[in-house]
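# An overview of the molecular structure
Now for the letters of each chain:
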Amino acid sequence: MFHLRTCAAKLRPLTASQTVKTFSQNRPAAARTFQQIRCYSAPVAAEPFLSGTSSNYVEEMYCAWLENPKSVHKSWDIFFRNTNAGAPPGTAYQSPLPLSRGSLATVAHAQSLVEAQPNVDKLVEDHLAVQSLIRAYQIRGHHVAQLDPLGILDADLDSSVPADIISSTDKLGFYGLDESDLDKLYDCNWVVVNCSTPGNFFHVLRRQILLPFRKPLIIFTPKSLLRHPEARTNFDEMLPGTHFQRVIPEDGPAAQDPENVKRLLFCTGKVYYDLTRERKARDMVEQVAITRIEQLSPFPFDLLLKEVQKYPNAELAWCQEEHKNQGYYDYVKPRLRTTISRAKPVWYAGRDPAAAPATGNKKTHLTELQRLLDTAFDLDAFKNFS
């Protein structure tokens, strides 16, 4: 900023006081002329005055004028005063006066006209106050920001949700929540989701806006689902009465005969579509059920318990496309084990641990993906580890 202001100061024309000093000297003064030293192309020359190439220079002049109106040329002083008084830029601009003996009287006359305008000083002061406030937020906002604007740190988190947040059961139903769900959202630090359908993505954004309190929402949904042919939602799932699904259970043939399901796969996000395509190719739609965890935090213990109890003869496995040390496995496994009281192991179907998030080689990537799918749908893959 200091460098720009220094450059701007060098570009300023002579002020009236400097002109008087020049003419007061005894030696003859040579005629001073200003030549254009910048050559702009046609597109640059056609830019608006207050935007484009000249905007940085105008901003620096304006900042200098805010600090000391006398530090800029009178033409700039008149321009900024007229602009702050409400004049549009086209009429507020006045060409700089020629540097001659007669121009001194003209400058004085222009100054008297500016000072004679009624309420100009008040308008300028009010405008400067607003501009200073905006500038303070831009420059110092992160230094003076209130870290707890909602008073969360002072709230009594050991008790129930404050009474002013919940007014009635009908209000909770409007959010698609019950009291236990709202308690979990209120007590957690943030909400983490990985939506696999457009409808659920719509509902989680809607819920975030409609919640009677504010918590950060982290969405891990990849942009590749924007163009995925299978990632679509019927409009009926976004009508009144529908809401965000923390867990999307199996709704295919496996759900019709849960006793014969041999394996229950848990996953989240885009890998679901790879699993369903492979399941269909292997003709295992009745033997393998796939449950999607859409909300990772707060963890949906209650809904996952219902899913596990629905398939009593099924093995449990977690699938992810990330490497074992980089995905959700270390977070999900202990919570799933706690949900079922450690009655069953939770197996892993995914890539091996790695230091890099990707192989950088398409062939290796496809090989790892196929190994993931083979492990997920091989019903004998974990027998030697039982």
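The name that an unreviewed UniProt entry assigns to the protein is oxoglutarate dehydrogenase (succinyl-transferring), with the source organism given as Prolemur simus. Listed in UniProt under the heading Sequence similarities (unreviewed entry), the comment for the protein reads: "Belongs to the alpha-ketoglutarate dehydrogenase family." The UniProt entry for the protein carries the following comment under Catalytic activity (unreviewed entry): "N(6)-[(R)-lipoyl]-L-lysyl-[protein] + 2-oxoglutarate + H(+) = N(6)-[(R)-S(8)-succinyldihydrolipoyl]-L-lysyl-[protein] + CO2".

### A closer look at the packing of aromatic side chains
As enumerated under the stated definition, the model contains 12 aromatic pairs in all. Ring centres 6.5 Å apart and planes at 80° place the aromatic pair tryptophan 318 and tyrosine 328 in the edge-to-face group. Of this pair, tryptophan 318 sits in strand β7 (residues 315-323) while tyrosine 328 sits in the loop between β7 and α15 (329-339), and the two are 10 residues apart along the sequence.

### A word on the sheet that holds strand β5 (residues 288-293)
Judged by pairing direction, the sheet is mixed, and its five strands sit side by side in the order β3-β5-β4-β7-β8 without closing on themselves. Taken across any chain shown, the strands that pair with only one partner, and hence form the sheet edges, are β3 (247-248) and β8 (346-351). Pairing between β3 and β5: two bridges, direction antiparallel. Across the sheet, the residue bridging to isoleucine 248 is arginine 292, located in β5. Contacts from helix α14 (residues 301-310) reach β3, β4 (263-267), β5 and β7, with the element oriented near 160° to β4.

### Overview of the sheet that holds strand β2 (residues 217-219)
Spatially, β2-β1-β6 is the arrangement adopted by the three strands of the open sheet, whose pairing is mixed. Here the strands that pair on one side only, and so sit at the sheet edges, are β2 and β6 (295-297). Put simply, the sheet's adjacent strands are angled 25° from each other on average, direction ignored. Where strand β1 (residues 191-193) lies against β2, three bridges are found, and the strand directions are parallel. Residue pairing in the sheet places valine 191 in a bridge with leucine 217 of β2. Running at roughly 165° to β2, helix α11 (residues 198-210) makes contact with β1, β2 and β6 of the sheet.

### Structural notes on unusual backbone geometry
Between serine 297 and the following residue, proline 298, the backbone shows a cis peptide bond with an omega angle of -5°. If you trace the backbone, proline 298 turns up in the loop between β6 and α14. Even without being glycine, arginine 342 reaches a positive phi, approximately 60°. When you line up the elements, arginine 342 lands in the loop between α15 and β8.

### A short note on the packing of α14 against α15
Relative to each other, α14 and α15 sit at 65°, their axes nearing to 9 Å. Regarding the angle of α14 to α15, the classification is roughly perpendicular. The crossing of α14 and α15 is right-handed. Along its contact with α14, which presents Phe301, Leu304 and Leu305, the element α15 presents Arg335, Leu336 and Thr339. Looking at side-chain class alone, the contact of α14 with α15 contains four nonpolar, one polar and one charged residues.

### Overview of the pairing of β4
Each regular strand displays side chains that alternate between the two surfaces of the sheet. Counting buried residues in β4 gives five out of five residues, a clear majority hidden from the surface. Pairing analysis gives five bridges linking β4 to β5, with the strands arranged parallel. What sits directly across from leucine 265, in β5, is isoleucine 290. Crossover connection from β4 via helix α13 (residues 271-282) to parallel β5: handedness right-handed.

### Re a negative patch on the surface
On the surface, Asp257, Glu259, Asp283 and Glu286 cluster together into a negatively charged patch. Residue position: glutamate 259 is located in the loop between α12 (253-256) and β4.

### Considerations on the pattern of salt bridges
Within the structure shown, the criterion is met by 10 salt bridges. Salt-bridge contacts for aspartate 77 lead to arginine 81; the nearest nitrogen and oxygen are separated by 3.1 Å. A residue pair is termed a helical-turn pair when its members lie 3 or 4 positions apart in one helix, as aspartate 77 and arginine 81 do in helix α5 (residues 74-84) at four residues. With a relative accessible area of 17%, arginine 81 lands in the buried category.

Scoring rules and cut-offs
- Residues numbered from 1 in each chain as written.
- Predicted model: local features only at pLDDT ≥ 70, side-chain atom pairs only at ≥ 80, totals over all residues.
- Heavy atoms only, no water.
- UniProt positions renumbered as here; feature names shortened; annotations may be inferred.
- Phe/Tyr/Trp six-rings, centres within 6.5 Å; stacked < 30°, edge-to-face > 60°.
- Helix = DSSP H or I, 4+ residues; strand = E, 2+ residues; numbered from the N terminus.
- Pairing = 2+ DSSP bridges.
- Contact = heavy atoms within 4.5 Å.
- Axes fitted to C-alpha atoms, helices over the stretch in contact; angles between N-to-C directions.
- Parallel < 35°, antiparallel > 145°, perpendicular 65-115°, else oblique.
- Left-handed = near helix turned anticlockwise from the far one by under 90°.
- Nonpolar A, V, L, I, M, F, W, Y, C, P; charged D, E, K, R; others polar.
- Buried < 20%, exposed > 50% of the residue type's maximum accessible area, 1.4 Å probe, protein only.
- Right-handed = clockwise from strand over helix to strand, strands pointing away.
- Patch = residues over 30% accessible without salt bridge, like charges linked within 9 Å, V, L, I, M, F, W, Y side chains within 5 Å.
- Areas by Shrake-Rupley, 256 points an atom, 1.4 Å probe, with all protein chains shown as cover.
- Salt bridge = Lys/Arg side-chain N within 4 Å of Asp/Glu carboxyl O.
- Lys, Arg positive; Asp, Glu negative; His and termini not counted.
- Charge placed at Lys NZ, Arg CZ, Asp CG, Glu CD.

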